[in-house]
Amino acid sequence: MKILLANPRGFCAGVDRAIDIVNRALDSFGAPIYVRHEVVHNQYVVNKLRDRGAIFVDELDEIPDDQIVIFSAHGVSKAVRQEAEQRQLKVFDATCPLVTKVHIEVFRYCKQGFDLILIGHHGHPEVEGTLGQWDRLQGQGAIYLVDSVAEAQAIEVNQPDRIAYVTQTTLSMDDTRDIIAKLRQRFPRIQGPKHDDICYATQNRQTAVRQLADQADMVLVVGSVNSSNSNRLKELAEREGVRSHLIDGAADIDQSWFSGVNTLGLTAGASAPEKLVKDVIEAIRDQNPDVSVTELDGEPENMVFALPKELRLVQK
Ligand code: 0CM
Ligand code: SF4
């Protein structure tokens, strides 16, 4: 069997930074460090940080006074930020700067009195944070969430001529294009970004998995079940007609999957460490010693996001 590795795959700049923030906060201040929501959606990463003394909570009221809290890469609403301020918690913000960029757009449209449609998945923490940038006192507009072409077709807004859209950063590029086309058809004056707010890492990993699916009989995606961008990779491979499984790591592999597979495609979501990809290759090699591994060419990535000032000088 031949393994083809997608390129790029795995950690993006926002995930790298978010994990670094938790590690440096632990190094600098010691355990416990509270983290609101999983800092990134990966079981292995969360368990490693938990072992070091990070405590993951759903809401700030689970955190005792005078503690340190880190906001996850997916961002938080204004209400959460205000609550942390009122409680005088010390905050390190691991929100990805590309999510913050969307927050700034939401705030701008709100101030201008527009109606705004957020294209994103119901219940996802990034969507909750982005919806929560809307401040009803600022303008007379309203914010709406749209998840599909059907919802774009059905939505009724107060100001159809004064409306804009933004998107979640980790969506399917294909689905989002269709949703935007429907919104443009229904609201010809709608404003928005040039294309969408899907981040560079999501785009590059989707382009790479499409290339992988062209050549593979099956695609394995390393990523956790709650990771939106990882799920989109599995979905894309399947839409290209290739069987695909989302796995947290080598332990999830079922050897029966490989029967009839000559070329296996392997990739990883933006929150999945490369170590897990290596473990998967080793687990396959244990059963098939002749397996060869080839990495495909892909878009080089050299994005780096700066750390919060206070953590920049912490020695690892
Ligand atoms: O948004 P998603 O569910 O893909 O989150 P993730 O933690 O798997 O990936 C990184 C991010 C962000 C924002
Ligand atoms: Fe930022 Fe994109 Fe990575 Fe999310 S997937 S953390 S938006 S770079």
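Above this text sits the structure in question.
Residues numbered from 1 in each chain as written. Chains lettered and ligands numbered in written order. Predicted model: local features only at pLDDT ≥ 70, side-chain atom pairs only at ≥ 80, totals over all residues. Heavy atoms only, no water.

A. Highlighting the site of ligand 1. Near ligand 1 you find 14 residues, and of these His41, Ser227, Ser228, Asn229 and Ser271 are the closest. In this structure, Thr170 approaches ligand 1 through a side-chain N or O atom, which is 3.3 Å from an oxygen atom. Protein burial of ligand 1: of its 360 Å² of free accessible surface, 97% is covered by the chains. Among the detected pockets, ligand 1 sits in the largest cavity. For the shell around ligand 1, the per-class residue count stands at four nonpolar, nine polar and one charged. (Near = heavy atom within 4 Å. Polar contact = N/O pair within 3.5 Å; in protein donor to acceptor, adjacent residues only side chain to side chain. Areas by Shrake-Rupley, 256 points an atom, 1.4 Å probe, with all protein chains shown as cover. 1 Å grid on protein atoms, 1.4 Å probe; cavity = no way out; pocket = protein on both sides within 12 Å on 5 of 7 lines; lining within 4 Å. Sits in = over half its atoms within 2 Å of the grid points. Nonpolar A, V, L, I, M, F, W, Y, C, P; charged D, E, K, R; others polar.)

B. Broad picture of unusual backbone geometry. Here the amide bond leading from Asn7 into Pro8 is cis, since omega sits at 0°, within 30 degrees of zero. You can see Pro8 is positioned in the loop between strand 1 (2–5) and helix 1 (13–29). Along the chain, Ala31 connects to Pro32 via a cis peptide bond; the corresponding omega equals -5°. Considering the arrangement of structural elements, one finds Pro32 in the loop between helix 1 and strand 2 (33–36). Its identity as a non-glycine residue notwithstanding, His37 has a phi of 75°, on the positive side. Exposure remark for His37: the relative accessible area of 22% places this residue in the partly exposed category. In the Ramachandran plot, Asp66 falls in the positive-phi region, its phi being about 60° despite a non-glycine side chain. The residue Asp66 is located in the loop between strand 3 (54–57) and strand 4 (68–71) in this model. (Helix = DSSP H or I, 4+ residues; strand = E, 2+ residues; numbered from the N terminus. Buried < 20%, exposed > 50% of the residue type's maximum accessible area, 1.4 Å probe, protein only.)

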